[in-house]
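Notes for the structure review
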Amino acid sequence: MDSLYENSSFILRTVASGEKCSRYKGNTVMQESEKEVYLSKRTKVLLIVFAVCLVFALGGLCILGILYVRVSVLLSAKKTNGTNYKEEFYVLRNQHKKTLEKLSRLNHSTGCALCAVHWIHSGGKCYYYSTVRMNWTQSRDHCVTLGGHLVIINSKAEQDFVTSNVEETHWIGLNDLDTEGHWVWVNNQPVSNSVEFWKKRENDISEPDNWTKVHPDGEDCASLGHPKGETDFWMDAYCFEEKKFCV
Ligand SMILES: [Ca+2]
Ligand SMILES: [Ca+2]
C-alpha cells in the first residue's frame, strides 16, 4: 500500500507537473502568437508608410516632370524669339546699309544732299555725329549697326568739314591696337604720310605720344582733340575713355 501510495503521489505530482507544463506551453504559444500578431501589424504599418512615401515620391516626380516640360517650352519659345529678333535685326541693318549706299550713289551722281535724317552731307558722303559717349571699340561697333563706320579722313577738306561740326573731342576710325606706332584706319588702310593731322608741339613731344603716365597701357585710339582743348587735330588717347564719335 505504501508503494501504491507512493506511486499515486508520483502520479499526482506527475499530473500536477503536466498541468503546469501545459499551462507553460500554453503561455508560450500565446506569447508567440501575440508576437506574430505584433510583427504582422508592424509589417502592415511599414507597408502603409512605404506606400504613402511611394505615392508622394511619384507625385513629386510627376510635378518635376511637368515643371521640366513647361520650362523647356518657355526656353524654347524664348530662344525662337531671340533668333527671330536677331534675324530681323540683321535684315534691317542690311536694308539700312543698302539704303545708305543708294543715297551715297545718288549724292555722287546728282550732287544733291540725300542723306538720312540726322546725317549731314558733304563731298558725296553722309556724316553722323553721335549724341552719346562710348569707348572706342563700342563706338566702332555701334557705327556698324548704323550702317557706317567710324570716320576715315582722306583729305584736308574732309578734316576741315568733320572738325567744323564738333565742339568737343570725338573718336575717329584710327588706331594702333595691333602694332604700336602703326596707325591704321578701320578699313585696315594705313595712314598716309601726306594726309595726317596729328597735334604738333614745337617744344614737347608731338602726338601720337602713347602717353602712359595716366594709363600704363598707353594710347592706341585716335580722337579729334582732347577733353580740355581744341578739336581740329588728332591725338592718340586711352581707348577706354568715353567720347562722342563721328561716322
Ligand atoms: Ca599707341
Ligand atoms: Ca596722346
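Residues numbered from 1 in each chain as written. Chains lettered and ligands numbered in written order. Predicted model: local features only at pLDDT ≥ 70, side-chain atom pairs only at ≥ 80, totals over all residues.

Within the protein one finds three helices and seven strands. Along the protein, helices and strands appear, N-terminal first, in the series α-β-β-α-α-β-β-β-β-β. Across the 247 residues that make up the protein, the buried fraction comes to 16%. Here the contacts in the protein between residues at least 6 apart in sequence split such that 56% fall between residues at least 24 apart. (Helix = DSSP H or I, 4+ residues; strand = E, 2+ residues; numbered from the N terminus. Buried ≥ 20, exposed ≤ 12 C-beta atoms within 10 Å, placed from the backbone. Contact = placed C-beta atoms within 7 Å.)

Along helix α2 (residues 136–145), the positions that sit buried rather than exposed are Trp136, Ser139 and Cys143. What you see down the axis of α2 is that its buried residues fit within an arc of 60 degrees, all on one side. Turned more than 90 degrees away from the buried face of α2, the exposed residues are Asp141 and Thr145. Check the buried side of α2 and you find it contacts β3 (170–175), β5 (221–224) and β7 (244–245). (Arc of directions from axis to C-beta.)

Moving on, we get to the UniProt feature "transmembrane region" (unreviewed entry) in the protein. UniProt's entry tags residues 45–69 with the feature "transmembrane region" (unreviewed entry), counted in the numbering of this structure. Annotated as residues 45–69, this span is 100% helix and 0% strand, and its ends, taken at the C-alpha atoms, are 36 Å apart. (UniProt positions renumbered as here; feature names shortened; annotations may be inferred.)

Further remarks concern unusual backbone geometry. That bond from glutamate 207 to proline 208 is cis: its omega, 0 degrees, falls within 30 degrees of zero. Here histidine 118, not a glycine, exhibits a phi torsion of approximately 75 degrees, which is positive. Phi is positive for asparagine 210, which is not a glycine, with a value near 45 degrees. For asparagine 210, the position within the fold is in the loop between β4 (184–185) and β5.

If you trace the backbone, glutamate 196 turns up in the loop between β4 and β5. On the basis of neighbour counts, which here come to 15 C-beta atoms within 10 Å, the residue glutamate 196 falls in the partly exposed class. Along the backbone, glutamate 196 and glutamine 159 are 37 residues apart, and their C-alpha atoms lie at a distance of 9.2 Å.

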